[in-house]
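Chains, contacts and geometry: an overview
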Protein chains: 2
Amino acid sequence: MSETDSIAPRRGKAEAKQTVLCKVCGDRASGKHYGVLTCDGCRGFFKRSIRRDLAYQCKESNSCPIDVARRNQCQACRLKKCFEVRMNRDAVQHERAPRTNQYKHCTNEEIRSKTLKRKQVNFEHSNQDIATNATHVAPKKEKVLDSPTTPEPGYYGNSPPRFLVGYVTPESPKGGTVSVAMTAAITPPHTPQHRQQMPFQMIYLGSPEMLHESAVRILFMTVKWVRNIPTFFELPFRDQAILLEEGWSELFILSIAQWNLPVEISTLMAAAGVSPQPNESVERVICGMAEIKALKNIVERFRAADIDQTEYACLKAVVLFKPGTRGLRAPHHVEQLQDQAQSMLGEYDRQSYPSQQVRFGRLLLMLPALKEVSSKCIEQMFFRGTLDTIPMERLLSDMFKSA
Amino acid sequence: MSETDSIAPRRGKAEAKQTVLCKVCGDRASGKHYGVLTCDGCRGFFKRSIRRDLAYQCKESNSCPIDVARRNQCQACRLKKCFEVRMNRDAVQHERAPRTNQYKHCTNEEIRSKTLKRKQVNFEHSNQDIATNATHVAPKKEKVLDSPTTPEPGYYGNSPPRFLVGYVTPESPKGGTVSVAMTAAITPPHTPQHRQQMPFQMIYLGSPEMLHESAVRILFMTVKWVRNIPTFFELPFRDQAILLEEGWSELFILSIAQWNLPVEISTLMAAAGVSPQPNESVERVICGMAEIKALKNIVERFRAADIDQTEYACLKAVVLFKPGTRGLRAPHHVEQLQDQAQSMLGEYDRQSYPSQQVRFGRLLLMLPALKEVSSKCIEQMFFRGTLDTIPMERLLSDMFKSA
DNA sequence: CGGGTCGGGTCAAAGGTCCA
DNA sequence: TTGGACCTTTGACCCGACCC
């Protein structure tokens, strides 16, 4: 309040106080701009004119009346009026860099206020994404969606192994882009390509009664997804089993994040930790509050990363094909498959998010988080009811056979 | 910016005395702020950035010139400059309650927006402030001490801070490649650039007697390496400690692989697991044969990957800057630093190993393995003798101070 | 006890975005 | 493309604790 001397231009909104008028057009002024009380319209007009050094031409005699109704009739005279009332062109600054979506750490409660505060920022965000990707994303999505029905002359034909081999296809129409076949293979055919969509009916992790059943369903879908990867069957059967056993819980968590399923702490606590069963105390890995929160945290981090369906597909493949797993008979082949998956992801991100150079690396660096909650823990949280009799390996095996 | 209205924008009223210049933008400084002579603009900018943990993105190559006319063109580079001239983020205090001064009439809208804007206000207070201030009082004295010796020719004359600034330098000889400077900074100065070379004398992990001492030495070098990363000090002091505590064991394993140090199972067994001490049985994490073998396996996998020194440097930075770590005050800033590291690695690999398209992804995907052996385990294996009295955090802290 | 320094906060007037 | 309603950021200025 350094300007206490003059009449404070308090812009009362819904009243007829001392409404200050724009010196240029007589509209209600929104404050002092470039040295003069003006409305937002004249402010913006003056700024644009100066910034871009525009020279207008009056079609009349350089004496058009400028008022709120006619201010847009003649730009030349409007600008002339601006100067006449002493708007200061030197107060117009250079254009700045476009405002970057300044994400701060949008965790937990802060995200709420942010969402409240700027809802259009979110729209803007998605708009920008769409705008940025308009050229390449749209066609890609279409292809993925219709690939089941479009046998893709060269690639798609029958089920077995072959068409995953060249994962970066030089023969791709627009130059080195992600193989459509690979994308299709790694993405479940019935997978919706838009976020926020719940793909499975009858899944609701938020309800205690539904928890076990839903979890089984998710796991089943995961296994089915794995079986949908043709190259998976290139591996020795034993390696298939090992990879599945080694990776199921990470894939499970990824699915929760991918399908935006709710992770309710209270529900999980009720289902997993709190009920004290006598035999539980013997087991070493007890799933406590900390693990549940950790899981929630992990899922939130993945959601915050705004990962699209194609990326999830690649990430899941990367997670599945862990070449370092002990006991593999064909570690080299597994490595090759992981290479395919990660290279596809990299290629895709370069194409679809060219402005986010670090996106690919970031995604890969999120994967270790999936191990922050052990599979034993996940088992206890989600599958305890189911597994009273069936060990996890058995469940996986059964699912794998019947999927 | 209220001076722009009528008077000339230059407030060079009585330019008497040698006007001191802002170290960031060269404007007239209004005093020392956060440890450095700056103008009010840069002071406010720095404060806002730190308070809200903002992460800006440079649209260019992270080397925008910052002067009084262009300081608002690129927030990313402006903040970078702030850190380069050593503004101390720990001197920025928490937001306080709005001034208690009797407020006069505010419109409802105004009140609401204000309330929204500052949400976390009243809590912290003197205790935290004191704690925080304790850290930044010291640097003040230092600056006072060395300012007589720095007559402001260029910014820095004496200390070594400078060489990490632009990590992707356009002036790099072969065009946009990894900055030699950054690599140099991330690599210990006396580090040999060729593989297989043993950098430290007196380190021999293969001998039981030398094990502890050598391990301490390796850890010390690791800590020293961390301290050699200038950007590490951009982080809040507390975050520095958290990251070091969270990452030391992974860095330690990486160093073993990097320097080709032997991992002898028998030696480690003798030193760590086998001798049954009574107090050991109480501890939960016992380091057994399995963990030792796992460690050996991990190290072998890294060696087999033929990682060069630059890559190791980047990987270590990637491991160090874990943005997901719980408790960080500036997670966004950490993320930015990790982004820098991984993007540097990617750039380097594309340049140096153009035929290995998947190399970058592979390296990142090796990192989860470093967690297969817990830090508790590493502690037991290598530091048990040392740590009978000293807890690990203490050891790290001491090393960090003296490195 | 006054003046300098450097934390804090304030808010006019710059900036920007985006639909009509 | 331009206008203009609406929101964020900047920075000159003020307050106050603390130290000479």
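Going by the annotation in an unreviewed UniProt entry, the name recorded for chain A is Photoreceptor-specific nuclear receptor, with Acropora cervicornis given as the source organism. UniProt's Subcellular location (unreviewed entry) comment on chain A is quoted here verbatim: "Nucleus". Quoted verbatim from the Sequence similarities (unreviewed entry) field of UniProt, the annotation for chain A is "Belongs to the nuclear hormone receptor family. NR5 subfamily."

Concerning the overall build of chain A
Helix and strand counts for chain A stand at 15 helices and four strands. Split into buried and exposed, the 403 residues of chain A put 43% on the buried side. A fraction of 71% describes how many contacts in chain A between residues 6 or more apart in sequence connect residues 24 or more apart. In the form shown here, chain A has an accessible surface area of approximately 21,300 Å², with 53% of it arising from carbon and sulfur atoms.

A short note on the packing of helix H8 (residues 237-258) of chain A against helix H11 (residues 309-320) of chain A
All names here are of chain A. Remark: H8 packs on H11, axes separated minimally by 9 Å, with the N-to-C direction vectors making an angle of 160°. Relative to H11, the element H8 is oriented roughly antiparallel. Between H8 and H11 lies a crossing of right-handed hand. Where H8 abuts H11, its residues Leu 243, Leu 244, Gly 247, Glu 250, Leu 251, Leu 254, Ser 255, Ala 257 and Gln 258 lie against Gln 309, Tyr 312, Leu 315, Lys 316, Val 319 and Leu 320. Here the contact of H8 with H11 is composed, by residue class, of nine nonpolar, four polar and two charged.

So, the packing of aromatic side chains
All told, the structure shown has 20 aromatic pairs over all chains when counted by the stated rule. Both rings, one in Phe232(B) and one in Phe400(B), keep their centres 6.0 Å apart while their planes meet at 70°; by these two values the pair is edge-to-face. Of the two residues, Phe232(B) sits in the loop between helix H6 (208-227) and helix H7 (237-258) while Phe400(B) sits in helix H14 (residues 392-402), which places them 168 residues apart along the sequence. Put simply, the rings of Phe232(B), Phe233(B), Phe321(B) and Phe400(B) touch in pairs and so form one group of aromatic residues. Seen from the ring of Trp225(A), Lys316(A) lies directly overhead, with NZ or CZ sitting 4.9 Å from the centre. When the ring centre of Tyr353(A) is taken as origin, the NZ or CZ atom of Arg359(A), which lies over that ring, is 3.9 Å away.

Side note on the environment of Val85(A)
Structurally, Val85(A) is set in the loop between helix H2 (75-84) and helix H3 (108-117). Its relative accessible area of 17% is what places Val85(A) among the buried residues.

Notes on the nonpolar core
One finds Phe252(A), Phe321(A), Phe382(A), Phe252(B), Phe321(B) and Phe382(B) to be the most contacted residues of the largest nonpolar core, which totals 126 residues. Among all residues touching Phe252(B), those that are not within four sequence positions of it are Ala215(B), Ile218(B), Leu219(B), Ile378(B), Phe382(B) and Phe383(B). Val24(B), Val36(B), Phe45(B) and Leu54(B) belong to the second largest nonpolar core, which has 24 residues in total.

Some remarks on the pattern of salt bridges
It is possible for side chains of opposite charge to pair when their charged atoms get near one another. Within the structure shown, the criterion is met by 28 salt bridges over all chains. With its nearest N and O atoms 3.9 Å apart, the salt bridge here joins Glu335(B) to Arg362(A). Highlighted residues: Glu335(B) in helix H11 (residues 331-352) and Arg362(A) in helix H13 (residues 359-366), drawn from two different chains. When its relative accessible area of 24% is taken as the criterion, Arg362(A) is described as partly exposed.

Cut-offs applied
- Residues numbered from 1 in each chain as written.
- Chains lettered and ligands numbered in written order.
- Predicted model: local features only at pLDDT ≥ 70, side-chain atom pairs only at ≥ 80, totals over all residues.
- Heavy atoms only, no water.
- UniProt positions renumbered as here; feature names shortened; annotations may be inferred.
- Helix = DSSP H or I, 4+ residues; strand = E, 2+ residues; numbered from the N terminus.
- Buried < 20%, exposed > 50% of the residue type's maximum accessible area, 1.4 Å probe, protein only.
- Contact = heavy atoms within 4.5 Å.
- Areas by Shrake-Rupley, 256 points an atom, 1.4 Å probe, with all protein chains shown as cover.
- Axes fitted to C-alpha atoms, helices over the stretch in contact; angles between N-to-C directions.
- Parallel < 35°, antiparallel > 145°, perpendicular 65-115°, else oblique.
- Left-handed = near helix turned anticlockwise from the far one by under 90°.
- Nonpolar A, V, L, I, M, F, W, Y, C, P; charged D, E, K, R; others polar.
- Phe/Tyr/Trp six-rings, centres within 6.5 Å; stacked < 30°, edge-to-face > 60°.
- Lys NZ or Arg CZ within 6 Å of the ring centre and 35° of its normal.
- Core = buried A, V, L, I, M, F, W, Y, C linked by side-chain atoms within 4.5 Å.
- Salt bridge = Lys/Arg side-chain N within 4 Å of Asp/Glu carboxyl O.

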